[in-house]
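# Survey of secondary and tertiary structure
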Amino acid sequence: MKIKKLISVVLAVIMAFSFGTGAFATENVITVDGEYKISVSDSSLLTAAQKMSEYIYNIAGITLSAELNAAGEKLIAINNSADGNGYKISVSGNTIIISGSDLSQTVRGIYAFLEEFGGMRYYTCTGATYTRNYISVPVDTDISYTPFFEYTDTDWKSAKDVEYSLFNGLNGGDNRKISAEFGGDVDYISSFCHTLTSQFCSSEKYFDEHPEYFALSLGKRRNTQLCLTNPEVKEI
């Protein structure tokens, strides 16, 4: 009898603890359900919001409308009003807020949200991996991210895929072309590499008049590499 009573007490404690922690988790986590809408503050964000809705359906099997200034008690609110440079993800009541300093950073915030709270992964260009079938966000979420670099790139097959690049924060314009609706790409150096004699000290502009600006190889000036010991080249 004593053993039976002991087992009963232990089971009662376990059940109480289980229900208690379940209630605690429910109170401190928002689960995105079919009552949510995606609300954007500007029409330029609608395309990215619609793509987000597609991914949310793939994750949780629910369809969320993407609307301009949507009304409702359950919203994923997306805007371009973050301070500084980067994005922020936070929660206010039942509203999940994704805010970027510009369109490209807001889009980066959307993809970061799907990865962090939807369990999405984009390891290669073969497609997304879904690690869960729900989206839950702690109510105390307050994520701020500032990118270290303006231009980010890597050179391999998957990096040429736009969706892979958006999930992994790649924005260089040489390996992929990101449309304006997703923030565009960065192409300020005109090429991914080999730019010394095409961009910084153009062989077309300088070689004929200043061959000394270019590398001396086997007794001959070559227009494919600079003479980096020439102080005049450094001034250019």
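Presented here is an overview of the structure given in this document. No experiment lies behind these values; they were computed from the predicted model shown. (Residues numbered from 1 in each chain as written. Predicted model: local features only at pLDDT ≥ 70, side-chain atom pairs only at ≥ 80, totals over all residues. Heavy atoms only, no water.)

A few words on the pairing of strand β4 (residues 75-79). Among the five residues in β4, five count as buried, and that is most of the element. The alternating pattern of β4 places L75, A77 and N79 on one face and I76 and I78 on the opposite face, and all of these are buried. Bridge count for strand β2 (residues 37-40) against β4 is four bridges, and the pairing is parallel. Within β4, the residue paired with V40 across the bridge is I78. With four bridges connecting them, β4 and strand β6 (residues 95-100) associate as parallel partners. The partner of N79 across the bridge, within β6, is S99. (Buried < 20%, exposed > 50% of the residue type's maximum accessible area, 1.4 Å probe, protein only. Helix = DSSP H or I, 4+ residues; strand = E, 2+ residues; numbered from the N terminus. Pairing = 2+ DSSP bridges.)

Looking now at the sheet that holds strand β10 (residues 142-145). Ordered by their spatial adjacency, six strands build an open sheet running β3-β2-β4-β6-β5-β10, and the pairing between neighbours is mixed. Each end of this open sheet is capped by a strand with a single partner; those strands are β3 (66-68) and β10. In this sheet, adjacent strand axes meet at a mean angle of 20° when their direction is disregarded. Packing against the sheet, helix α2 (residues 46-60) makes contact with β2, β3, β4 and β6, and its axis sits at approximately 165° to β2. Packed on one face of the sheet, helix α3 (residues 103-118) meets β4, β5 (87-92), β6 and β10 and runs near 135° to β6. (Axes fitted to C-alpha atoms, helices over the stretch in contact; angles between N-to-C directions. Contact = heavy atoms within 4.5 Å.)

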